[in-house]
Amino acid sequence: MYDPTQLRTFLAVAQTLSFTQAARRLGLRQSTVSQHVRRLEEATGRQLFSRDTHSVEVTEDGEAMLGFARRLLEVHEQATAFFSGTRVRGRLRFGASEDFVLTRLPEILEGFRHDHPEVDLELTVELSGTLHEQLAAGKLDLVLAKRRPQDPGGELVWRDDLVWIGSEHVRLEPDRPVPLIVYPPPGITRARALEALEEQGRDWRIACTSGSLNGLIAAARAGLGVMAHSRRLIPPGLFRVPDRSGLPELGKVDFVLVHGRRRGAAEAAANALAAAVLAGGDRLHRGQRGGR
């Protein structure tokens, strides 16, 4: 009843909230993506997306379909692997950025380990900039990390807005430097926050630096300052800084999968994990609380 190709297209649109970005990820024409979604909506008899010329949103029925689509594709992949006689094995060095510490990435990794028990998975959690450097140096096989939209390389998992966040009671004085809570270099959100303030001509000071997301969250909850963060990954207890604060717009950020140069067993394992992340990518930013 439900075509796996259409289900994969549906997941890509749901994760990127863009028919254009989904088409790029899948290597399809945008008209083909629209056709796949239309046929899936005809098969279900429900509208899965509400869309206009400016935005795409998942409907309530679309949210329900997300869970069904993931499970159907997982069973399809398991059956394909079983009857083709292929088993993924080997050592896989996977790097994930700090942003995913509080998400449901562990569920995706647990499912991957269950489906591919012969893969020795080594996980590195680091800053996105550091992960990209380690991948280029051949120290990692696959990376899930942030990237600026204008930067090349990587397979888009989803695109999000960068926003300013802080405690509910944080106050910014217009005549005083903005207190910043930041990762150390080469943090991507750090660089963008400083650039945006410099472009606006607004003074700033570093109130807290930490290589740990939990450290940054603790400082923000204590009201030490504000930080740039993905809108759909706002940690519990923190909130978007109101527009009336006058802070500059931060633009977009991409979350991407980037493959290393290794071949053989590592490449096969990386491809399998990449497929699992893409299939369950919506779980990486749904169910977060915080923000307003």
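One can find the structure itself at the top, above this paragraph.
Residues numbered from 1 in each chain as written. Predicted model: local features only at pLDDT ≥ 70, side-chain atom pairs only at ≥ 80, totals over all residues. Heavy atoms only, no water.

**Student:** Would you explain the pairing of strand β9 (residues 227-230) in this entry?
**Tutor:** Within a regular strand, the side chains alternate between the two sheet faces. Going residue by residue along β9, you find Met227 and His229 tucked away on one face and Ala228 and Ser230 tucked away on the opposite face as well. When strand β6 (residues 155-166) meets β9, the two strands line up antiparallel, connected through four bridges. Its bridge partner being in β9, Ile165 is matched across the sheet by Met227. (Buried < 20%, exposed > 50% of the residue type's maximum accessible area, 1.4 Å probe, protein only. Helix = DSSP H or I, 4+ residues; strand = E, 2+ residues; numbered from the N terminus. Pairing = 2+ DSSP bridges.)

**Student:** Even after reading the chapter, I still don't get the pattern of salt bridges, so can you show me in this structure?
**Tutor:** Oppositely charged side chains can pair when the atoms bearing their charge come close. Summed over the entire model, instances satisfying the criterion amount to 16 salt bridges. Among the salt bridges present, the one from Glu107 reaches Arg104, with a minimum N-O distance of 3.2 Å. Arg104 sits in the partly exposed class, given a relative accessible area of 36%. Ionic pairing is found between Asp161 and Lys252, a salt bridge with its closest N-O pair at 2.6 Å. Of this pair, Asp161 sits in strand β6 while Lys252 sits in strand β11 (residues 252-259); the two residues are 91 residues apart in sequence, bridging distant segments of the chain. Note on Asp161: relative accessible area 24%, which makes it partly exposed. Residue Lys252 is classed as partly exposed on the basis of its relative accessible area, which comes to 45%. (Salt bridge = Lys/Arg side-chain N within 4 Å of Asp/Glu carboxyl O.)

**Student:** I'm lost on the pairing of strand β4 (residues 119-126) in this one. Help?
**Tutor:** In this sheet, β4 lies alongside strand β3 (residues 90-97) in parallel orientation, the contact comprising eight bridges. Across the sheet, the residue bridging to Leu92 is Leu121, located in β4.

**Student:** Even after reading the chapter, I still don't get the packing of helix α2 (residues 19-26) against helix α3 (residues 30-44), so can you show me in this structure?
**Tutor:** Axes are the key here: two packed helices are described by the angle between their axes and the distance separating the axes. Axis separation between α2 and α3 bottoms out at 8 Å; the angle between their running directions is 105 degrees. Comparing their axes, α3 and α2 come out roughly perpendicular. On α3, the residues that touch Phe19, Thr20, Ala22 and Ala23 of α2 are Gln30, Val33, Ser34 and Val37. Considering only residue class, the contact of α2 with α3 consists of five nonpolar, three polar and no charged. (Axes fitted to C-alpha atoms, helices over the stretch in contact; angles between N-to-C directions. Parallel < 35°, antiparallel > 145°, perpendicular 65-115°, else oblique. Contact = heavy atoms within 4.5 Å. Nonpolar A, V, L, I, M, F, W, Y, C, P; charged D, E, K, R; others polar.)

**Student:** Can you help me understand the side chain of Arg147 in this one?
**Tutor:** For Arg147, the location among the structural elements is in strand β5 (residues 142-147). Accessibility expressed as a relative area gives 11% for Arg147, which makes it buried. From its side chain, Arg147 meets the backbone oxygen of Asp151 in a polar contact 3.5 Å long. A polar atom in the side chain of Arg147 sits 2.6 Å from the side chain of Asp254. Residues in contact with Arg147, not counting those within four places in the same chain, are Pro152, Gly153, Gly154, Ile188, Val253, Asp254 and Val256. (Polar contact = N/O pair within 3.5 Å; in protein donor to acceptor, adjacent residues only side chain to side chain.)

**Student:** What is the right way to read the side chain of Arg93 from this model?
**Tutor:** Looking at the secondary structure, you find Arg93 in strand β3. Exposure remark for Arg93: the relative accessible area of 11% places this residue in the buried category. Looking at Arg93, its side chain comes within polar contact range of the main-chain oxygen of Lys139, at 3.3 Å. Every residue in contact with Arg93, bar those within four places of it in the chain, is listed here: Glu122, Gly138, Lys139, Leu140, Asp141, Leu142 and Arg262.

**Student:** What is the right way to read helix α1 (residues 4-16) from this model?
**Tutor:** Across its 13 residues, α1 extends 18 Å between first and last C-alpha, which sits within 8% of the 18 Å expected from 1.5 Å per residue. For α1, a buried count of ten out of 13 residues is recorded, marking the element as mostly surrounded by other parts of the structure. Residues of α1 that are buried include every one of Gln6, Leu7, Thr9, Phe10, Leu11, Ala12, Val13, Ala14, Gln15 and Thr16, and no others. The backbone nitrogen of Thr5 lies 2.7 Å from a side-chain oxygen of the residue at the head of α1, namely Asp3. Positioned one or two residues after α1, Leu17 has a phi angle of 50 degrees, which is positive. (Expected span 1.5 Å × (residues − 1).)

**Student:** Which parts of the structure should I look at to understand the nonpolar core?
**Tutor:** Note on soluble globular proteins: their nonpolar side chains tend to be buried together. Counting residues in hydrophobic clusters, the biggest one holds 41 residues, and the most contacted among them are Leu144, Trp164 and Val226. The leading source of residues in this core is helix α9 (residues 265-279), at seven residues. Once you skip the residues sitting within four places of it in the chain, Trp164 turns out to touch Leu180, Ala193, Leu197, Val226, Met227, Ala228, Phe239, Arg240, Val241, Leu247, Pro248 and Leu250. Val13, Phe19, Ala23 and Met65 belong to the second largest nonpolar core, which has 20 residues in total. (Core = buried A, V, L, I, M, F, W, Y, C linked by side-chain atoms within 4.5 Å.)

**Student:** Help me out: how do you make sense of α9 in this one?
**Tutor:** Each full turn of the α-helix corresponds to 3.6 residues, which orients residues three or four apart in the same direction. In a regular helix each residue adds 1.5 Å, so 15 residues correspond to 21 Å; α9 covers 21 Å between its end C-alpha atoms and thus fits that length. Looking at α9, one finds that the buried residues are Ala266, Ala269, Ala270, Ala272, Leu273, Ala274, Val277 and Leu278.

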